[in-house]
Protein chains: 2
Amino acid sequence: MDKRAHNFNAGPAALPLPVLEEIKENFLNFHGSGMSITEISHRSSLFDEVIDDAIGRARRLLNLGDDYHVLFIQGGASLQFCMIPMNLTLPGRPVNYISTGIWSIKAIKEAEIQGKDVRVIATSEDRDFSYIPTDYTVDKQASYLHFTSNNTIVGTQWGQFPDGRGVPLISDMSSDIMSRPIDVRPFGLIYAGAQKNLGPSGVAMVIIREDMLKRVPDDLPTMLKYTTVRDNKSLFNTPPTFAIYAIGLVLAWLEETIGGLKEMERINKEKASLIYGLIDNSEIYHGIAELKSRSMMNVTFRLPDERLEQRFLTEAIKSGIHGLKGHRSIGGCRASLYNAVTIDSVRTLVEFMRGFEERSV
Amino acid sequence: MDKRAHNFNAGPAALPLPVLEEIKENFLNFHGSGMSITEISHRSSLFDEVIDDAIGRARRLLNLGDDYHVLFIQGGASLQFCMIPMNLTLPGRPVNYISTGIWSIKAIKEAEIQGKDVRVIATSEDRDFSYIPTDYTVDKQASYLHFTSNNTIVGTQWGQFPDGRGVPLISDMSSDIMSRPIDVRPFGLIYAGAQKNLGPSGVAMVIIREDMLKRVPDDLPTMLKYTTVRDNKSLFNTPPTFAIYAIGLVLAWLEETIGGLKEMERINKEKASLIYGLIDNSEIYHGIAELKSRSMMNVTFRLPDERLEQRFLTEAIKSGIHGLKGHRSIGGCRASLYNAVTIDSVRTLVEFMRGFEERSV
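Note that the coordinates shown come from a computational prediction; the quantities given were computed from them, not determined experimentally.

**Thoughts on the packing of helix α3 (residues 76–88) of chain A against helix α4 (residues 102–113) of chain A**
Residues and elements named next belong to chain A.
Point 1. Close contact between α3 and α4 brings their axes to 8 Å; oriented N to C, the two are set at 45°. As judged from the angle between their axes, α3 and α4 are oblique. The handedness of the crossing between α3 and α4 is right-handed. From α3, F81, C82 and P85 reach across to α4, where they touch W103, K106, A107, E110 and A111.
Point 2. Tallied by class, residues from the contact of α3 with α4 come to 6 nonpolar, no polar and 2 charged.

**What to know about the nonpolar core**
Point 1. Among the nonpolar cores identified, the biggest contains 128 residues, and M178(A), M205(A), M178(B) and M205(B) are the most heavily contacted of them.
Point 2. In this structure M205(B) touches A58(B), V70(B), L71(B), F72(B), I177(B), M178(B), I190(B), Y191(B), A192(B), L198(B), I247(B) and L251(B), once residues within four positions along its chain are discounted.
Point 3. Residues I84(A), V206(A), L224(A) and I84(B) belong to the second largest nonpolar core, which totals 60 residues.

**Looking at the interface of chain A and chain B**
Many analyses report the size of an interface as the accessible area lost when the parts associate.
Point 1. Chain A puts 62 residues into the contact, and the matching count from chain B is 62 residues.
Point 2. By the criterion of area lost to chain B, the three top residues of chain A are K24(A), L28(A) and E39(A), representing 15% of everything that side buries.
Point 3. Applying the counting rule to chain A against chain B returns 2 salt bridges.
Point 4. Between E39(A) and R4(B) there is a salt bridge; the shortest N-O distance is 2.8 Å.
Point 5. The tally of links between chain A and chain B comes to 24 residue pairs in polar contact (both at pLDDT 80 or more).
Point 6. Elements with a contribution of two residues or more to the side of chain A that touches chain B: α1 (17–25), α3, α4 and α6 (241–258) of chain A.
Point 7. Ranked by residue count, the leading element in the side of chain A that touches chain B is α1(A), at 6 residues.

**Some remarks on helix α8 (residues 306–318) of chain A**
All names here are of chain A.
Point 1. Relative to the 18 Å expected for 13 residues at 1.5 Å per residue, α8 spans 18 Å between its end C-alpha atoms, a close match to the ideal helical length.
Point 2. For α8, the complete set of buried residues consists of L308, E309, F312, L313 and A316. Angularly, the buried residues of α8 cover 140° about the axis, an arc narrow enough to put them on a single face. Away from its buried face by more than 90 degrees, α8 exposes R307 and K318.
Point 3. Those residues of α8 that are buried lie in contact with β12 (298–302), β13 (321–322), β14 (333–336) and α9 (343–360).
Point 4. One side-chain oxygen of the residue at the start of α8 lies 3.0 Å from the amide nitrogen of R307, identifying that residue as D305.
Point 5. G320 occupies a position one or two residues after α8 and carries a positive phi of about 80°.

**Some points on the relation of the copies chain A and chain B**
Point 1. Overlaying chain A with chain B gives an RMSD of 0.0 Å, the required rotation being 180° about an axis along which the chain moves by 0.0 Å. This pairing of chains is accounted for by a two-fold axis.
Point 2. Take the interface residues of chain A: 100% of them recur as interface residues in chain B, which is what a same-surface contact looks like.

Here is what the cut-offs are and how they apply
Residues numbered from 1 in each chain as written. Chains lettered and ligands numbered in written order. Predicted model: local features only at pLDDT ≥ 70, side-chain atom pairs only at ≥ 80, totals over all residues. Heavy atoms only, no water. Axes fitted to C-alpha atoms, helices over the stretch in contact; angles between N-to-C directions. Helix = DSSP H or I, 4+ residues; strand = E, 2+ residues; numbered from the N terminus. Parallel < 35°, antiparallel > 145°, perpendicular 65-115°, else oblique. Left-handed = near helix turned anticlockwise from the far one by under 90°. Contact = heavy atoms within 4.5 Å. Nonpolar A, V, L, I, M, F, W, Y, C, P; charged D, E, K, R; others polar. Core = buried A, V, L, I, M, F, W, Y, C linked by side-chain atoms within 4.5 Å. Buried < 20%, exposed > 50% of the residue type's maximum accessible area, 1.4 Å probe, protein only. Buried area = accessible area lost by both parts, 1.4 Å probe. Salt bridge = Lys/Arg side-chain N within 4 Å of Asp/Glu carboxyl O. Polar contact = N/O pair within 3.5 Å; in protein donor to acceptor, adjacent residues only side chain to side chain. Expected span 1.5 Å × (residues − 1). Arc of directions from axis to C-beta. Least-squares fit on C-alpha atoms with pLDDT ≥ 70 in both.

This is how it looks when you write it as structure tokens:
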């Protein structure tokens, strides 16, 4: 086999090698049909099995009750930013947001465009989004409380989710869904672009609680109503069949090879602690996120100057280590450690970082 | 290699075998990156090349002038049904639609939901959509004239496009884009879900003329504005990278292996005439669409009764011929002959149909 890159991309990101191998192996002939998965009808029994399997696995992994629906919607998390206020605002009631970075701001902007009564009840903008706020009061009247569970850019993550005090939580979990067990019960809706922890880009997983669907206004465009997606089991129009198939394989890997979200969390913690441990004992690497708010998924750090950062990134690529360049909005470096990034890749990165420091001081 | 099915699916549909083979071959290692195409960043130079190549090929194949933009948008043609009236209605001016079947009706419904002044200037509903109307008067004041260029369900197709008399044409070309050369100049916008002639499902190609973009209202949700997609070269948020990559390969096959749209049209005509020729000389197969309106892409026919139809479909599958079941809304049979369906598959179908007739009378 060809040599695999050590892939620390922020998304689209590494996928589990066994999943990629299975896709490749069956690409010309799905389940003996003589057709590629990309050539079979979304109305066929073959595809029914695919989507039912993916939904069933998501339900088991997240321990979802019968009152939750698992939907697949095109347009990524970005389309959810506008669908959420459009579908789920209660008439005359405010919507609450906590702002922890660029993705929260984008979500807030879409509610504002729609003229909703948007109240940002907490923000960590004062310290460049380097921490998760702990001080906030939820409006008792709020339609929902929206937050971003993991912030890919600065590398912060909610350890314990905010307390909605009865107000339904809504969370963009694009970058940490399925990375750890969660209690979904306080959530009215959870959404995640697939391209970090779930599969290829081009689809979002939306987990919505039954009672939230009653809020959906009748007069929305058909494709923008959660009820349309729910009523048609995500098959109102042709879904991204390949992406859903790949998500099913990733979830099967999570369930059967990894052994579930508790074990996945243990591995993810181990991966992150290897790099944070190095950073905390280093002369040249400086963590960007504040200690208590550090993300298990995206480890962000800076080197003393941009010249050295550039050399670091260039030498990393020469060593087969990819995707370490920080987000264009803040610069620096970032190692994204999504589920499919192996301990072996992380050890290789840590070794490289250690060697680079030795060569540089 | 495994035996390939003869795939007459209506969409998702057959893809060119060399394209599938190339995807398979490179699936674990895209361009020597050590990563799958599904694992590389949409902000990487590798993906820039992919999307630029796909756009360039679409431009050349359709002979687009500099005033046209090629965009990739998630949500299929169905999301376009609502984006078009939302973005392109001129204030106080009506929108014109010609209704030639279920897909036209769905497009019309979304304009109505938004409260637009919708005028359906012609419909073929009186004869179950079995023909393309020729009698209609376009409102001179209309914002646009929308029509469906090919109707997959009944199997009709516009041979010559309607004359907009200066009003910009907008067309859903999901099922016949790239099947024949067209003159794009009367068109303000052309859109097509990918899963018939372009690639895997999960993305629509939208071709929009520069002047239409001036109509886009400022206050729309960001993801639903054509200007957002144009300003960000379809990379405002993470696009469906795998689907765009596959589309690029399909367009390369069209350009380099087939030799362009004129040659593709010749082949498509030959394929369709093989089946229509058989139907027109048959005792048991009866074409559904009226002669003058017949589609080159979807050949629809009935057998004398449902029992025989069922036997026909069952025996076809046993002979490795798939996807002949008509759309659930009208029943009957349908052979979809998109670009990637080979002459060899069509000959196999014709032989099977001839044999079935001989055995049945």
